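What the coordinates show
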Amino acid sequence: TLTFGRGESAFTMRAGFLIPNIPGHSEKFAVVIKNDVAIGHIPISERLIEEGYIVAEYLRTDLDPDVANVVGPAQKVYPSYDWGTLAVWAWGGMRIIDYVLTLPQVDSKQIAVFGHSRGGKVALLTGALDERVAVSLPNGSGAGGAGLFRNQSPKAESLAEITDPERFGYWLHPKLRSYAGKEQELPFDQHFLRALIAPRGIFSTDALGDLWANPKGTREARDAAVPVFEFLGATDSANACHFREGGHGETVKDWEAALEFMNQQFHLGPRKP
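Now for a look at the structure at hand.

This part is about the pattern of salt bridges. Taken as a whole and assessed by the stated rule, the structure comprises 15 salt bridges. A salt bridge links Arg 222 to Asp 236; the nearest nitrogen and oxygen atoms lie 3.7 Å apart. Of this pair, Arg 222 sits in helix α7 (residues 215-231) while Asp 236 sits in the loop between α7 and β9 (239-244), and the two are 14 residues apart along the sequence. Taking the relative accessible area as the measure of exposure, Asp 236 reaches 48% and is therefore partly exposed. Here the salt bridges share partners, and the residues they tie into one network are Arg 95, Asp 98, Asp 130 and Arg 132.

Moving on, we come to the packing of helix α6 (residues 190-197) against α7. One way to put it is that α6 packs onto α7 with a least axis distance of 8 Å and a crossing angle of 45°. Classified by the angle their axes make, α6 and α7 are oblique. Crossing geometry of α6 relative to α7 is assigned as right-handed. Contacts from His 191, Arg 194 and Ala 195 in α6 reach Thr 218, Ala 221, Arg 222, Ala 224, Ala 225, Val 228 and Phe 229 in α7. Broken down by class, the residue content of the contact of α6 with α7 amounts to 6 nonpolar, 2 polar and 2 charged.

Turning next to the pairing of strand β6 (residues 106-116). When you tally the buried positions in β6, you get 9 out of 11 residues, the bulk of the element. Pairing analysis gives 5 bridges linking strand β4 (residues 29-36) to β6, with the strands arranged parallel. Note on β6: the bridge partner recorded for Lys 34 is Phe 114. Where β6 meets strand β7 (residues 135-139), 5 bridges bridge the pair, whose relative direction is parallel.

The next point concerns the side chain of Ser 204. As for its placement among the helices and strands, Ser 204 is situated in strand β8 (residues 201-207). One polar contact links Ser 204 to Arg 194, side chain to side chain, over a distance of 3.1 Å.

On to the sheet that holds strand β5 (residues 53-59), then. What the 7 strands build is an open sheet, ordered β3-β5-β4-β6-β7-β8-β9; its pairing is mixed. The open sheet has two edge strands with one neighbour each: β3 (15-18) and β9. Ignoring strand direction, the axes of neighbouring strands in this sheet form an average angle of 15°. Pairing between β4 and β5: 7 bridges, direction parallel. Within β5, the residue paired with Asn 35 across the bridge is Tyr 58. On the sheet, helix α4 (residues 118-129) packs against β4, β5, β6, β7 and β8 and is oriented at approximately 145° with respect to β6.

About the cut-offs
Residues numbered from 1 in each chain as written. Predicted model: local features only at pLDDT ≥ 70, side-chain atom pairs only at ≥ 80, totals over all residues. Heavy atoms only, no water. Salt bridge = Lys/Arg side-chain N within 4 Å of Asp/Glu carboxyl O. Helix = DSSP H or I, 4+ residues; strand = E, 2+ residues; numbered from the N terminus. Buried < 20%, exposed > 50% of the residue type's maximum accessible area, 1.4 Å probe, protein only. Axes fitted to C-alpha atoms, helices over the stretch in contact; angles between N-to-C directions. Parallel < 35°, antiparallel > 145°, perpendicular 65-115°, else oblique. Left-handed = near helix turned anticlockwise from the far one by under 90°. Contact = heavy atoms within 4.5 Å. Nonpolar A, V, L, I, M, F, W, Y, C, P; charged D, E, K, R; others polar. Pairing = 2+ DSSP bridges. Polar contact = N/O pair within 3.5 Å; in protein donor to acceptor, adjacent residues only side chain to side chain.

Right, dumping it as structure tokens:
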């Protein structure tokens, strides 16, 4: 349990950490951080440990419940901030980084963040805001995540739908809703967020059948961010997408693809005991 602040303003967030114990391994470990509403739901956690990754998970809803019109613990402590729930959850990921960097087993240059669906939006935002994140892994993140608002397939979630006060308007800044139906007037789109990660690694994983999450718009956002990655000297391998068959979900295939990308970016290979 991590505690923030002191006295009556203090609040807590629960987290879980799995640290490898590999005989003969003297190097520090890479870390993959996941935000979720429960701990222990990574489908390949055992393999991650075997290959030399520390697995860190935190309960994002301890900071702000996933409920409209509720002021969460973090927002109460910082009443002058105008952040939405996604930003609060991303802030939590940054505090996990603060903590893992105190662990002697951690390689500070090899930190990755993963999230699925709304958690994918959080992982992308965390990577964009915190340069300590070497690899960002948004999975099925869609609107407000890796997918564009301006370029969408007919069945994709729109800006109007995601900012609806009766749905998930509290996730984002309230001013964003003023562009509902006027997406072409937006002064930015999600490829800007992706470009903020350059020249570090970004690997978005999506399902071709998950039309609501706009896989087409995710691919176009990736392409639109290429000039920034090139300008900063990053190769195409740092800005990548992965698409599988099927629908919305966090699957073994998603994680296996993410693991392969992390290994490439961190220049790691299988390190099973």
